[in-house]
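Spelled out, the chains give:
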Amino acid sequence: MTNLPNDGQTRPPFDGQAPALIDRVVNLMDPDGDILLNMSREQACETVRSGDAEAVGKLRGQFAICQQQGKTIRMARSIGRPMRYFLAKRAEGPALIIAERMSEILEQLKQEGLADQFHPSYTRMVPAHYLLELKLVGCPDPNPELTRYFAPERNRLPADIDAIGAMYMERLAEVIDQFLVTIPADEPIGVMFSGGIDSGSVLLLVDHLLRKRGHSTSRLKAFTLAISGQPGDVQQAREFLKAVNLEMVLETIEVEPADIRWQDAVEAIEDYKPLDVQSATMGYALLRELRNRYPDWKYLIDGDGGDENLKDYPIEDNPELTVRSVLGNRMLYQEGWGVDAVKHSLVYSGGQSRGHSRTSMPAGQFGFKGFSPYAIPAVIEIAEAVPFVALTDWDHQKLYALKGQIIAAGIKHVTGTEMPIYEKRRFQHGAVDAQTFRTLFPDKDQDYRDEFALMMESKLS
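My aim in this report is to walk through the structure given alongside it, one point at a time. All of these numbers come straight from a predicted model, not from anything done at the bench.

A separate point is the pairing of strand 12 (residues 220-227). Burial analysis of strand 12 places 7 of its 8 residues in the buried class, the great majority of the element. Of the pairings in the sheet, the one linking strand 11 (residues 189-192) to strand 12 comprises 4 bridges and is parallel in character. Counterpart to G190 in the pairing with strand 12 is K221. Handedness of the β-α-β unit built from strand 11, helix 5 (residues 197-212) and strand 12 comes out right-handed. The pairing of strand 12 with strand 13 (residues 250-255) spans 6 bridges and is classified as parallel.

Before going further, it helps to examine the packing of aromatic side chains. Ring pairs (aromatic) are described by centroid distance and by the angle formed between their planes. Under the definition given, this model contains 14 aromatic pairs. Look at F223 and W297: their rings are 5.2 Å apart centre to centre, the planes differ by 75 degrees, and that puts the pair in the edge-to-face class. One end of the pair, F223, is in strand 12; the other, W297, is in the loop between helix 8 (274-293) and strand 14 (299-301), and 74 residues separate them in sequence. Like W297, F223 is buried. Aromatic rings pair up to connect F223, Y294 and W297 into one cluster. Above the ring of F368, the side-chain terminus of R291 is found at 3.9 Å from the ring centroid. One Lys or Arg, R354, reaches over the ring of Y272 and ends 5.5 Å from the middle of that ring.

On to the nonpolar core. Core analysis: the largest hydrophobic core is formed by 61 residues, its most contacted members being Y168, M169, I176, L203, I301 and I407. With 9 residues, the single largest contributor to this core is helix 4 (residues 161-181). Those residues in contact with Y168 that lie beyond four places of it in its chain are N309, L310, Y374, V379, I382, A383, I406 and I407.

Further remarks concern the environment of R24. Take R24: it is sitting in the segment before strand 1 (25-27). Placed 301 residues apart in sequence, R24 and S325 show a C-alpha to C-alpha distance of 43 Å. Discounting residues that sit within four places of it in the chain, R24 has contacts with R90, P94, A95, L96, Q108 and E112. Within the structure, R24 has its side chain in polar contact with the side chain of E112 (distance 2.9 Å).

In space, the 4 strands of this open sheet follow the order 1-7-6-8, with mixed pairing throughout. Each edge of the sheet is formed by a strand with only one pairing partner; in this case those strands are strand 1 and strand 8 (124-125). With 5 bridges joining them, strand 6 (residues 84-88) and strand 7 (residues 95-99) adopt antiparallel strand pairing. Residue pairing for strand 7: A88 is matched across the bridge by A95. Each of strand 1, strand 6 and strand 7 is contacted by helix 3 (residues 102-111), which is oriented at about 25 degrees to strand 6, the strand it contacts most.

This part is about the sheet that holds strand 10 (residues 145-148). The strand order 4-5-9-10 describes an open sheet built from 4 strands, whose pairing is antiparallel. Unpaired on one side and paired on the other, strand 4 (64-69) and strand 10 mark the two borders of the sheet. Each neighbouring strand pair of the sheet contributes to a mean axis angle of 20 degrees, computed without reference to strand direction. Pairing between strand 9 (residues 130-134) and strand 10: 4 bridges, direction antiparallel. Looking at strand 10, one finds that E133 is bridged to E145.

Before going further, it helps to examine the side chain of D271. Along the polypeptide, D271 turns up in the loop between helix 7 (262-269) and helix 8. A polar side-chain atom of D271 sits 2.8 Å from a polar atom in the side chain of R354. Contact partners of D271, with chain neighbours within four places excluded, come to V266, V277, Y348, R354 and F452.

Here the focus is the pattern of salt bridges. Close approach of charged atoms allows side chains with opposite charge to pair. For the structure shown, the criterion picks out 33 salt bridges. Here E112 ties to R24 by a salt bridge, and the two come within 2.9 Å at their closest N and O atoms. Here E112, found in the loop between helix 3 and strand 8, pairs with R24, found in the segment before strand 1; they are 88 residues apart in sequence, far enough to count as distant. By relative accessible area, which is 26% here, E112 ends up partly exposed. In this structure, the salt-bridge partner of K221 is E251, at a minimum N-O distance of 3.3 Å. Of this pair, K221 sits in strand 12 while E251 is found in strand 13, placing the two residues 30 residues apart along the sequence.

Attention shifts here to the packing of helix 4 against helix 16 (residues 396-415). Helix-helix packing is described using two parameters, namely the angle between the two axes and the distance between the axes. Contact geometry of helix 4 with helix 16 gives a least axis separation of 7 Å together with a crossing angle of 65 degrees. When the axis of helix 4 is compared with that of helix 16, the two are roughly perpendicular. Of the two possible hands of crossing, helix 4 and helix 16 adopt the one that is right-handed. The residues of helix 16 that touch helix 4, namely those facing I161, D162, I164, G165, A166, Y168, M169, E170 and A173, are L402, Q405, I406, I407, A409, G410, I411, H413 and V414.

Attention shifts here to a negative patch on the surface. The grouping of D443, D445, D447 and D450 at the surface amounts to a negative patch. Tracing the chain through its elements places D450 in helix 19 (residues 445-460). On the accessibility criterion, D450 (37% relative accessible area) is partly exposed.

Criteria and cut-off values
- Residues numbered from 1 in each chain as written.
- Predicted model: local features only at pLDDT ≥ 70, side-chain atom pairs only at ≥ 80, totals over all residues.
- Heavy atoms only, no water.
- Buried < 20%, exposed > 50% of the residue type's maximum accessible area, 1.4 Å probe, protein only.
- Helix = DSSP H or I, 4+ residues; strand = E, 2+ residues; numbered from the N terminus.
- Pairing = 2+ DSSP bridges.
- Right-handed = clockwise from strand over helix to strand, strands pointing away.
- Phe/Tyr/Trp six-rings, centres within 6.5 Å; stacked < 30°, edge-to-face > 60°.
- Lys NZ or Arg CZ within 6 Å of the ring centre and 35° of its normal.
- Core = buried A, V, L, I, M, F, W, Y, C linked by side-chain atoms within 4.5 Å.
- Contact = heavy atoms within 4.5 Å.
- Polar contact = N/O pair within 3.5 Å; in protein donor to acceptor, adjacent residues only side chain to side chain.
- Axes fitted to C-alpha atoms, helices over the stretch in contact; angles between N-to-C directions.
- Salt bridge = Lys/Arg side-chain N within 4 Å of Asp/Glu carboxyl O.
- Parallel < 35°, antiparallel > 145°, perpendicular 65-115°, else oblique.
- Left-handed = near helix turned anticlockwise from the far one by under 90°.
- Patch = residues over 30% accessible without salt bridge, like charges linked within 9 Å, V, L, I, M, F, W, Y side chains within 5 Å.
- Areas by Shrake-Rupley, 256 points an atom, 1.4 Å probe, with all protein chains shown as cover.
- Lys, Arg positive; Asp, Glu negative; His and termini not counted.
- Charge placed at Lys NZ, Arg CZ, Asp CG, Glu CD.

This is a description of form; function is not addressed.
Okay, here's the thing in structure tokens:
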């Protein structure tokens, strides 16, 4: 097997049979993986089954739901949970397999003696923020219909950082509070913590909301990864927590470089994009050690999505981007170029809709229930309403500073706390020093692709 990584639209050849309706659906999605905040599971499923995209847009939480109504299959997901599908050909009729992972689809095909039909490029990812509908399937396979269920109005807020921060952190706090309702009162809560703006704001809001409920801060832990010694995040985390009088919640998770394997991350996320693999490698190492320390720990919360929402990525690092493309396109960092664009990947989706696997997949593999409140549509809605151009006048440096200004103002408004702000640093760079980082990861993108191909080939054997 060669050239497995393929984001194109290759499909199995037409076998000459007449088109057929779906007559079997194998749904391998675990309902327990959803975190529903404003309705029951039964109500959420009925909402997706209805085919009403406007109603689906009112569903709040982190979810991936598939429902069947006669010969029609409907699927919808938020950024926080991937969902894939694959159409298998059988003598008695086609079967639609739905799962979170490529490998789960492959295992189902093996059980049915159909593994020879599998190729990673034949799997499809449901894009976040769309209601996907499949009706007739057969040969050739029809394309699904996609209806956007989340289309936030852009630039609607006044160019007032204090007012924006207040609205943004109020909404984030509301969503976190709804998440806390789903957790038994005797269960501890872990924050994936670097001391950066996103994880810092989440930690402060969780602590604030727990205390409002009369719960002790002892339920809360801030887990910070340190690979070999004193990398940047450990010192930053300590300084942050000292500044907000929460030093007692810090727990450093130390891992030796010899125990770091980026190949584990490739298998976990079933992807090969270098930045996502590197981030997932660190998350994988942290969560594996965390599981060793705490066999029964379940609930984690993180700041993933905060950078995407307030567009805090160095534009200069990506030759495809300009400040005008970043500020001029709706949810570019969350969704990529969009489902109608040439560069949209049917196999992986785009933007954080693709990249969130770096967070969700390792957490699921080690039995944690993770939650990313910044990636919930209700929170993204406020971020998209920020008048970025009015606040930055297309200036890169003003854009990069904006997130810290907004979040600090909002945290002060909601909690009364003066939140320390540090310069942005990626997870994979903060958890390890620069020299060790270079020894842990390959320089060439092709090395990640080759590892993905070898991994998938081994699963087929």
